[in-house]
Amino acid sequence: MKLIECPRDAMQGLPNFVPTDVKINYLNSLLQVGFDTLDFGSFVSPKAIPQMRDTAEVVSQLDMSTTKTKLLAIIANLRGAEEAAHFDEISYLGFPLSVSETFQLKNTNKTIEAAFGEVGEIQNVCVKSNKQLVVYLSMGFGNPYGEAYSPELVEQFAERLVGMGIHIIAPSDTIGSSTTDAIKTLFGHLIKRFPEVEFGAHLHAKSSHVPKKVKAAFKAGVKRMDCAVRGFGGCPLAENELVGNMATELVVGELRQLGAKVEIDEIKLAQAMLSSQYVFG
C-alpha cells in the first residue's frame, strides 16, 4: 500500500501563517517516517492560499539525502507547473480537476473544459521535466451545489484523462461526503475498467469514520491512499465546514489489521506526531 502523507492539505487552511522554519522541520520529520510520497506544498496564487507562499523556499531546504519518500506539489495552472518543474527534488505534480463545474470555478477560476485543456499542457511539462502528473478528481463522490453527479460521470473523466496519458488518478470526496458503499462502488468499477491506472483514495472523514472508509477502499482494490497526521486538513475553498483528512495513525492501524503491507516506522511516526504540535498546536 502506498501512503501519501498530506501536510500541505493539513496546513493550507490554517488562519495563521506557519513560519517557514517550522514547516521545514516538520516536513523533514515526515520524510523519515517511510511514506511513499509527501504532498508537501503548492505553487499556487498566494492570494488564494497564503499559507503556501513559501513553498519554493521550503523545498530547497528539505533533506532528501536519507529518505526514499518522493515529493508531490499541488499546482492549479500551467504557470505553477512550470515553476514546480524547475525543482529536481519534486517527482509529482498534482492538479485538482473537479467533477463539479461550480467547484472548478471556485478552486482554479476556470471551467471544466478549460481545466481539461490545461491538464494537457501540464502533462506536456511533466513529460519534458521527467515528472508524473497526479490528477485529483475533486467532488468525486458528489457535491453540495445540487449539480448532477454519478459514478458514470467520474468514469467519463477518467477515460478522458487516460486518453491524455495520465496514469495516476485520485477521486476525492473533498467535503467528507462519501459513504462506504459509494467508495466500494466507485473504486471497484474504476479499477476494473482501467487496470493500467493507479487509482488513489483522497478521502476526508471524521476520526470515527476513518476505519470503515479505509476498509471499503482497501477491499475495492485501492493501493494508494492519502492521509494526514492527526487528521488535520480540509479544503478552504469548498465553502463548507472543514472535514479533516483521514488521520495517518488511524489509517496505518486499520490497514495493518486488514493485512496490508505498510512500510511505516512507528517510532518516526510518533516523533512526527509530536512535531506536529508546533504546527497545529
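Scroll up to find the structure.
Cut-offs and rules
- Residues numbered from 1 in each chain as written.
- Predicted model: local features only at pLDDT ≥ 70, side-chain atom pairs only at ≥ 80, totals over all residues.
- Heavy atoms only, no water.
- Core = buried A, V, L, I, M, F, W, Y, C linked by side-chain atoms within 4.5 Å.
- Buried < 20%, exposed > 50% of the residue type's maximum accessible area, 1.4 Å probe, protein only.
- Contact = heavy atoms within 4.5 Å.
- Helix = DSSP H or I, 4+ residues; strand = E, 2+ residues; numbered from the N terminus.
- Phe/Tyr/Trp six-rings, centres within 6.5 Å; stacked < 30°, edge-to-face > 60°.
- Disulfide = S-S within 2.5 Å.
- Salt bridge = Lys/Arg side-chain N within 4 Å of Asp/Glu carboxyl O.

Draft legend 1. Just the nonpolar core, in detail. Counting 82 residues, the largest nonpolar core has Leu3, Phe40 and Met225 as its most contacted members. Contacts of Leu3, omitting those with residues within four sequence positions, involve Phe35, Asp36, Thr37, Met225, Cys227, Val251, Val252, Leu255, Val262 and Ile264. Ranked by size, the runner-up nonpolar core spans seven residues in total, among them Leu72, Ile74, Ile168 and Ala170.

Draft legend 2. A look at the environment of Glu83. Structurally, Glu83 is set in helix H4 (residues 78–84). Between the alpha carbons of Glu83 and Ala170 there is a distance of 23 Å; along the sequence they are 87 residues apart. Discounting chain neighbours no more than four positions away, the residues touching Glu83 are Phe43 and Ala56.

Draft legend 3. View of the packing of aromatic side chains. By the definition in use, this model includes six aromatic pairs. On the numbers, 6.4 Å between centres and 50 degrees between planes, the contact of Phe194 with Phe199 is tilted. A single burial state applies to Phe194 and to Phe199, both of which are buried. Centroid distance Phe232 to Phe280: 4.2 Å. Interplanar angle 15 degrees. Geometry classified as stacked.

Draft legend 4. Local environment of the state of the cysteines. Within the structure shown, the criterion is met by zero disulfides. Cysteine Cys6 remains unbridged, with the sulfur of Cys227 as its closest cysteine sulfur at 6.5 Å. The exposure class assigned to Cys6 is buried, which follows from its relative accessible area of 0%.

Draft legend 5. Fine view of the pattern of salt bridges. Within this structure, the stated rule accounts for 13 salt bridges. Glu113 serves as the salt-bridge partner of Arg160, at 2.8 Å between the closest nitrogen and oxygen. Taken together, the residues Arg160 in helix H7 (residues 151–163) and Glu113 in helix H6 (residues 112–128) connect sequence positions 47 residues apart. Owing to a relative accessible area of 39%, Arg160 belongs among the partly exposed residues under this scheme. Residue Glu159 pairs with Arg193 through a salt bridge whose shortest N-O separation is 3.1 Å. Of this pair, Glu159 sits in helix H7 while Arg193 sits in helix H8 (residues 180–193); the two residues are 34 residues apart in sequence, bridging distant segments of the chain. Given a relative accessible area of 35%, Arg193 falls into the partly exposed group. One salt-bridge network, held together by shared partners, links Lys2, Glu198 and Arg224.

Draft legend 6. Looking closely at unusual backbone geometry. In this structure, Asn109 takes a positive phi of about 60 degrees despite not being glycine. Here Asn109 lies in the loop between helix H5 (101–108) and H6. By relative accessible area, which is 68% here, Asn109 ends up exposed. Even without a glycine there, the phi angle at Met139 is positive, about 55 degrees. Tracing the chain through its elements places Met139 in the loop between strand E5 (132–138) and H7.

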